[in-house]
Amino acid sequence: MAGSARAITLPLGGAACLMSVALAWAAPPQDVILVGHPGRLVWYNAYQQRIPPDEVARFSPYTPLVLIHDRTLLGDGLTPCMQVGHNGTSLYILLDQSGTPAEQEGSAGLMYLKDVRLLGDSIVVRSRSGVIVHAADGQSVATVSPGKTLLRVFQHGERTYVQVPGRSPRFGWVTLNSPGPTTWEERRALRGGGPQRQPISAERLQVILDDANAALRNVHSQIVHTESSPQTAPWFTGSVSGDTIRCVLHPGPRARSYQESLQMLGEAITRVSGVSPFRIVVRDSVLLIPLQ
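Note that the coordinates shown come from a computational prediction; the quantities given were computed from them, not determined experimentally.

**Q** Can you help me understand the overall build of the chain in this one?
**A** Per the secondary structure count, the chain includes 3 helices and 16 strands. Residues classed as buried in the chain amount to 48% of the 292 residues present. Put simply, of all contacts in the chain between residues at least 6 apart along the chain, 64% involve residues at least 24 apart.

Next up, the structure:
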């Protein structure tokens, strides 16, 4: 597992399971974890508070999560956890003394997949015979009929991990032939031509950046400084170019200490722009959000 992975995230429940893919650049490979029985793990939310069992019970079986850190500590400096992502925010899974997720009442059915290729789009099935979806645990299969939609999450080897939408969303594996009118088509290709409205203007992005920079200055002013510590607060710059929002934290060498700030900035941008938070990608001091 790669503790430096920085892509956020995947849904735990019924939200559309989309992740980042840009037309002009390729997202780096990521490590993914499939959680077969989420209720058998101990979870903490973004505020590092224990998630109640009744909320965990709503997580879909074999939920996919992108790994952020395979081992970290909560704010108390004592509790070992794995950091993953959900809906643009961090979640934490309690680790046991051996450094693996602490399972309760049986196996959580964890599956680790390395170097997957993130997709993050939806397709429409065109094959007359439909598409066969194999459950992640290999125990069942289902056929998705022509005209129905699948949400492509990631590709691993020759297989594609998908979500089947519905009241009780299901995850599973499919093997897809090349796209075409008799196999499958990307849903965005069915919307017709013409220019698309930019989800966020440069002016609106600057307002968000100004708010974020004010927050960074406020935090910096409350830190006890030494002669060797930085005398100025870090700051963000950003732009909307083509099909990507790009923001940079300055100065770059301080980015490691402000990873959560980059994630929070990404969440604020996606809330305003309406872009899926599953598209957020953080690489060191750079935040990237593809718009398509």
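**Q** Explanation requested: the pattern of salt bridges in the structure shown.
**A** Opposite charge on two side chains makes pairing possible when the charged atoms of those side chains draw close. Scanning the model with the defined rule gives 2 salt bridges in all. Asp31 is the partner of Lys114 in a salt bridge, and the nearest nitrogen-oxygen pair spans 3.5 Å. A residue pair is termed long-range when its members are at least 10 positions apart, and Lys114 in strand S6 (residues 110-125) and Asp31 in strand S1 (residues 30-35) qualify at 83 residues. In this structure Lys114 comes out as partly exposed when scored by relative accessible area, which is 43%. The shortest N-O distance in the salt bridge between Arg126 and Glu185 comes to 3.0 Å. Note that Arg126 is positioned in the loop between S6 and strand S7 (131-135) and Glu185 in strand S12 (residues 184-186), a separation of 59 residues in sequence. The exposure class of Arg126 is partly exposed, given its relative accessible area of 31%.

**Q** I'm lost on helix H2 (residues 202-221) in this one. Help?
**A** Working note: α-helix, 3.6 residues per turn, so residues spaced by three or four point in the same direction. For H2, spanning 20 residues, the distance from its first C-alpha to its last is 28 Å, which sits close to the expected 28 Å at 1.5 Å a residue. Taken together, the buried positions of H2 are Leu205, Ile208, Leu209, Ala212, Asn213, Leu216 and His220. All buried residues of H2 lie within an arc of 140° about the axis, which places them on one face of the element. The outward face of H2, more than 90 degrees from its buried face, is lined by the exposed residues Glu203, Asp211, Arg217 and Ser221.

**Q** Please clarify how the environment of Arg128 should be interpreted in this entry.
**A** In this fold, Arg128 is placed in the loop between S6 and S7. Between the C-alpha atoms of Arg128 and Ser145, which are 17 residues apart in sequence, the distance is 7.8 Å.

**Q** Sorry if this is basic, but what is going on with the environment of Leu265 here?
**A** Tracing the backbone shows Leu265 in helix H3 (residues 259-273). A sequence separation of 52 residues divides Leu265 from Asn213, and the C-alpha atoms of the two residues are 10.0 Å apart. Each residue touching Leu265, except ones within four places of it in the same chain, is listed here: Ile208, Leu209, Ala212, Phe236, Cys247 and Leu287.

**Q** Looking at this structure, how should I read the side chain of Thr160?
**A** Following the sequence through the fold, Thr160 ends up in strand S10 (residues 159-164). Excluding anything up to four places from it in sequence, Thr160 contacts Leu119, Arg152, Phe154, Gln155, Gly172, Trp173, Val174 and Leu176.

**Q** Before we go on, may I ask you to explain the sheet that holds strand S14 (residues 244-250) in this structure?
**A** Remark on secondary structure: sheet strands pair via backbone hydrogen bonds, oriented parallel or antiparallel. Across the sheet, which stays open at both edges, the 4 strands sit in the order S13-S14-S16-S15 with antiparallel pairing between neighbours. Taken across any chain shown, the strands that pair with only one partner, and hence form the sheet edges, are strand S13 (235-241) and strand S15 (281-283). Here the strands of the sheet are splayed against their neighbours by 20° on average, with no regard to which way each runs. As paired strands, S13 and S14 are joined by 7 bridges and run antiparallel to one another. Residue Phe236 lies in a different strand from S14, and its bridge partner there is Leu249.

**Q** What's the story with the packing of H2 against H3 in this structure? I'm lost.
**A** A pair of packed helices is captured by two measures, namely the crossing angle of their axes and the spacing between those axes. The N-to-C vectors of H2 and H3 enclose an angle of 150°; their axes lie 11 Å apart at closest approach. Crossing handedness for the pair H2 and H3: right-handed. Between H2, through Arg204, Leu205, Ile208, Leu209, Ala212 and Leu216, and H3, the contact on the second element is made entirely by Ser261, Leu265, Ala268, Ile269 and Val272.

**Q** Hey, could you run me through the packing of aromatic side chains in this one?
**A** Aromatic rings in a pair are described by how distant their centres are and how their planes are angled relative to each other. Tallied over the full model, the rule gives 5 aromatic pairs. Their ring planes at 5° and their centres at 5.9 Å tell us that Tyr161 and Phe171 sit as a pair that is stacked. Pair noted here: Tyr161 is in strand S10 and Phe171 is in strand S11 (residues 170-174), with a separation of 10 residues, a long-range link. Exposure remark for Tyr161: the relative accessible area of 0% places this residue in the buried category. Accessibility expressed as a relative area gives 6% for Phe171, which makes it buried. Centre to centre, the rings of Tyr161 and Trp173 are 4.9 Å apart; their planes meet at 65°, and the pair counts as edge-to-face.

Conventions and cut-offs
- Residues numbered from 1 in each chain as written.
- Predicted model: local features only at pLDDT ≥ 70, side-chain atom pairs only at ≥ 80, totals over all residues.
- Heavy atoms only, no water.
- Helix = DSSP H or I, 4+ residues; strand = E, 2+ residues; numbered from the N terminus.
- Buried < 20%, exposed > 50% of the residue type's maximum accessible area, 1.4 Å probe, protein only.
- Contact = heavy atoms within 4.5 Å.
- Salt bridge = Lys/Arg side-chain N within 4 Å of Asp/Glu carboxyl O.
- Expected span 1.5 Å × (residues − 1).
- Arc of directions from axis to C-beta.
- Pairing = 2+ DSSP bridges.
- Axes fitted to C-alpha atoms, helices over the stretch in contact; angles between N-to-C directions.
- Left-handed = near helix turned anticlockwise from the far one by under 90°.
- Phe/Tyr/Trp six-rings, centres within 6.5 Å; stacked < 30°, edge-to-face > 60°.

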